[in-house]
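This is what each chain is made of:
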Amino acid sequence: MTVEHRLEDVRTRIAQAEARSQREAGTATLVAVSKTFDAEHIRPVISAGQRVFGENRVQESQGKWPELKAETQGVELHLIGPLQSNKAADAVALFDVIETVDREKIARALATEIRQQGRNVRLYVQVNTGLEPQKAGIAPDETARFVALCREELGLEIEGLMCIPPADENPGPHFALLAKLAKECGVEKLSMGMSGDFETAIEFGATSVRVGSAIFGTR
Ligand SMILES: *Cc1c(COP(=O)(O)O)cnc(C)c1O
């Protein structure tokens, strides 16, 4: 199968999952995760009409996306990997959405950069729904307090919540927990679901799914 066929297949499966969950068509946005793939592999996906992409490293993204963005109208780039505060300026300059706001230090660095650069970057708080020690993210029971701090003290608009469930667990309960937290915090968007579980995530209310290998192939 070509990358165009795989993209089409993922789009069809998203539409079917939306229909199964009585959701309006197009309410789950596909974020095509292009990490580790170079510009040459990404261009056919752009040509096939995809405009929303996810990357997990700032430096890697700086090597390919300025050029790809310059070539194409309407590309929206999401940072879905951990952010160090010394990379906050670069991230704010390049990304349209940062999904991995996961601690106060990074929230403060982003607030400063967004003010200085005057860029309208949309932000998500990453929640560690499985309380995994090796994984980034705010603990579920601290999410409301952290979102309030970002909004009230730092003046950041938090648009959504994001999670990566533990690899070896049924993801459903994690998606349900993220949806419940979003409701409690008054947050509209839910970034959840990857190649292995995006249809389940849509059934639990995902407004965007981050799909890499099902489109680009194995990394
Ligand atoms: C790599 C990655 C994805 C995509 O994973 P696939 O299993 O290849 O679809 C999604 N979210 C995050 C945070 C990632 O790092």
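Everything below is about the structure shown above.
Below, the structure is looked at part by part. (Residues numbered from 1 in each chain as written. Predicted model: local features only at pLDDT ≥ 70, side-chain atom pairs only at ≥ 80, totals over all residues. Heavy atoms only, no water.)

Brief notes about the nonpolar core
Okay, step 1: Counting 64 residues, the largest nonpolar core has Ile98, Leu110 and Ile215 as its most contacted members.
Okay, step 2: Element by element, the count of residues in this core is highest for helix 6 (residues 104-117), at six residues.
Okay, step 3: Not counting residues within four places of it along the chain, the set of residues in contact with Ile215 comprises Val3, Arg6, Leu7, Val10, Leu30, Ala32 and Val45. (Core = buried A, V, L, I, M, F, W, Y, C linked by side-chain atoms within 4.5 Å. Buried < 20%, exposed > 50% of the residue type's maximum accessible area, 1.4 Å probe, protein only. Helix = DSSP H or I, 4+ residues; strand = E, 2+ residues; numbered from the N terminus. Contact = heavy atoms within 4.5 Å.)

Focus: the packing of aromatic side chains
Okay, step 1: Under the counting rule described, the total for this entry stands at three aromatic pairs.
Okay, step 2: Between Phe37 and Phe216, the ring centres sit 5.2 Å apart and the planes meet at 25°, which makes this aromatic pair stacked. Placement of the pair is Phe37 in the loop between strand 1 (29-33) and helix 2 (39-47) and Phe216 in helix 10 (residues 213-216), with a sequence separation of 179 residues. Each member of the pair, Phe37 as well as Phe216, carries the same accessibility label: buried.
Okay, step 3: Between Phe53 and Trp65, the aromatic rings sit 5.0 Å apart at their centres with planes inclined by 45°, giving tilted as the arrangement. Of the two residues, Phe53 is situated in strand 2 (residues 52-55) and Trp65 in helix 4 (residues 65-71); the sequence distance between them amounts to twelve residues. As far as burial versus exposure is concerned, Phe53 and Trp65 are alike and both buried. (Phe/Tyr/Trp six-rings, centres within 6.5 Å; stacked < 30°, edge-to-face > 60°.)

A look at the pairing of strand 8 (residues 208-211)
Okay, step 1: Both faces of strand 8 are covered, namely the face carrying Ser208 and Arg210 and the face carrying Val209 and Val211.
Okay, step 2: Where strand 1 meets strand 8, four bridges bridge the pair, whose relative direction is parallel. In the strand pairing of strand 8, Leu30 is matched with Val209. (Pairing = 2+ DSSP bridges.)

Section: the pattern of salt bridges
Okay, step 1: Applying the stated criterion to the full structure yields 16 salt bridges.
Okay, step 2: Put simply, Lys135 and Glu132 hold a salt bridge, and the shortest N to O gap is 2.8 Å.
Okay, step 3: Residue Lys180 is joined to Glu184 by a salt bridge in which the shortest nitrogen-to-oxygen separation is 3.5 Å. Highlighted residues: Lys180 and Glu184, both in helix 8 (residues 172-185), separated by four residues, approximately one helical turn.
Okay, step 4: Judged by relative accessible area, Lys180 falls into the partly exposed class, the value being 48%.
Okay, step 5: We classify Glu184 as exposed; its relative accessible area is 52%.
Okay, step 6: Connected through shared salt-bridge partners, Asp9, Arg13 and Glu199 make up one network. (Salt bridge = Lys/Arg side-chain N within 4 Å of Asp/Glu carboxyl O.)

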